[in-house]
Amino acid sequence: MTIPQEQFDDLLSRAALAALFYYPEVAVDGDGPNLQNDIAYCLEPVAGIADDDAERLRVAVGRVITNPTAHRSELLALVIELAPLPAE
């Protein structure tokens, strides 16, 4: 299944928003706000992507949320790898 570029753009927007509102005290799991929920929210636009690719994205998004400066290029490279080329 090919995921359109627009959906990857949505993933990047959601990751940026999650990173903006992230604070280290957020729980890793639990009933309240947590990092796993933020990652799941970010991945919603690309639901249906292959499991291996989804796991790679999950890790990259989690890193970007917690430290955007250090990891944003990793996420961008992965999105470029997975996103289809624009139609000409």
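The model shown is predicted, which means the values in this text are computed figures rather than measured ones.

Visitor: For the packing of helix α1 (residues 5-21) against helix α4 (residues 68-82), give the residues involved together with the corresponding values.
Guide: In contact at an axis separation of 11 Å, α1 and α4 are set at 170° when each is read in the N-to-C sense. By the angle between their directions, the pair α1 and α4 is classed as roughly antiparallel. In this structure, the crossing between α1 and α4 has a hand that is right-handed. The residues of α4 that touch α1, namely those facing F8, L11, L12, A15 and A19, are P68, L75, L76, V79 and L82. Residues belonging to the contact of α1 with α4 are distributed by class as follows: 10 nonpolar, no polar and no charged.

Visitor: Let's hear about the nonpolar core: which residues, and what values?
Guide: Counting residues in hydrophobic clusters, the biggest one holds 22 residues, and the most contacted among them are F8, L11, L57, V61 and L75. Among the secondary structure elements, those contributing two or more residues to this core are α1, α2 (35-43), α3 (51-66) and α4. Looking at which element gives the most residues to this core, the answer is α3, with six residues. Not counting chain neighbours up to four residues away, the residues in contact with F8 comprise I3, V46, I49, L57, V79, L82, A83 and P84.

Visitor: How would you summarise the pattern of salt bridges if you had to cite specific residues and measurements?
Guide: Two side chains of opposite charge can pair, provided their charged atoms sit close to one another. If you walk through the whole model with that rule in mind, you get six salt bridges. Here D53 makes a salt bridge to R56, at a shortest N to O gap of 3.3 Å. Taken together, the residues span about one helical turn, with D53 and R56 both in helix α3 at a distance of three residues. Of the charged contacts, one joins R58 and E55 as a salt bridge, the two residues approaching to 2.8 Å between their closest N and O atoms. Linking R58 with E55, this pair stays in helix α3, spanning three residues, or about one helical turn. Within the structure, one salt-bridge network assembled from shared partners comprises D10, R14 and E44.

Visitor: Go over α2, please, and point to the residues and values.
Guide: Buried residues of α2: L35, I39, C42 and L43, and no others. Take α2 and look down its axis: the buried residues cluster within an arc of 95°, on one side only. Put simply, N34 is the residue that caps the front of α2, since its side-chain oxygen is 3.0 Å from the backbone nitrogen of Q36.

Visitor: Requested: an account of α3, with residues and values cited.
Guide: Here α3 spans 23 Å end to end across 16 residues, near enough to the 22 Å set by a 1.5 Å rise per residue. Here α3 has its buried residues at A54, L57, A60, V61, G62, V64 and I65. Its buried side turned inward, α3 meets α1, α2 and α4.

Criteria and thresholds
Position labels on residues start from 1 in each chain and follow its written sequence. Residues qualify for local features only when their pLDDT is at least 70, as the model is predicted, and side-chain atom pairs are given and counted only at 80 or more; totals for whole chains, interfaces and linings, by contrast, use all residues. Excluded from the side-chain calculations are hydrogens and water; all other atoms, namely the structure's heavy atoms, are used. Between N-to-C directions, angles span 0 to 180 degrees; the directions come from axes that are lines fitted to C-alpha atoms, helices contributing only their stretch in contact. Helix and strand assignments follow DSSP, with helices taken as H or I runs no shorter than four residues and strands as E runs no shorter than two, numbered in order from the N terminus. An angle below 35 degrees is treated as roughly parallel, one above 145 as roughly antiparallel, one from 65 to 115 as roughly perpendicular, and anything else as oblique. Take the far helix as your reference; a near helix turned counterclockwise from it by less than a right angle gives a left-handed crossing, and one turned clockwise gives a right-handed crossing. By definition in these notes, contact holds between two residues if any of their heavy atoms fall within 4.5 Å. Residues were grouped as follows: Ala, Val, Leu, Ile, Met, Phe, Trp, Tyr, Cys and Pro as nonpolar; Asp, Glu, Lys and Arg as charged; and all remaining residues, including Gly, as polar. Among the buried residues, those of types Ala, Val, Leu, Ile, Met, Phe, Trp, Tyr and Cys that are joined through side-chain atoms within 4.5 Å form a nonpolar core. Only protein chains enter the accessibility calculation, which uses a 1.4 Å probe. A residue is then buried if its area is under 20% of the maximum for its type, exposed if over 50%, and partly exposed in between. Salt bridges are counted wherever a side-chain nitrogen of Lys or Arg sits within 4 Å of a carboxyl oxygen of Asp or Glu. The directions from the helix axis to the C-beta atoms are what the arc is built from. Polar contact is the term for a pair of N or O atoms within 3.5 Å; when the atoms are in protein, one must be able to donate a hydrogen and the other to accept it, and sequence-neighboring residues count only if both atoms are side-chain atoms. Under the convention used throughout, the expected extent of a helix is 1.5 Å for every residue step, that is, one less than its residue count.

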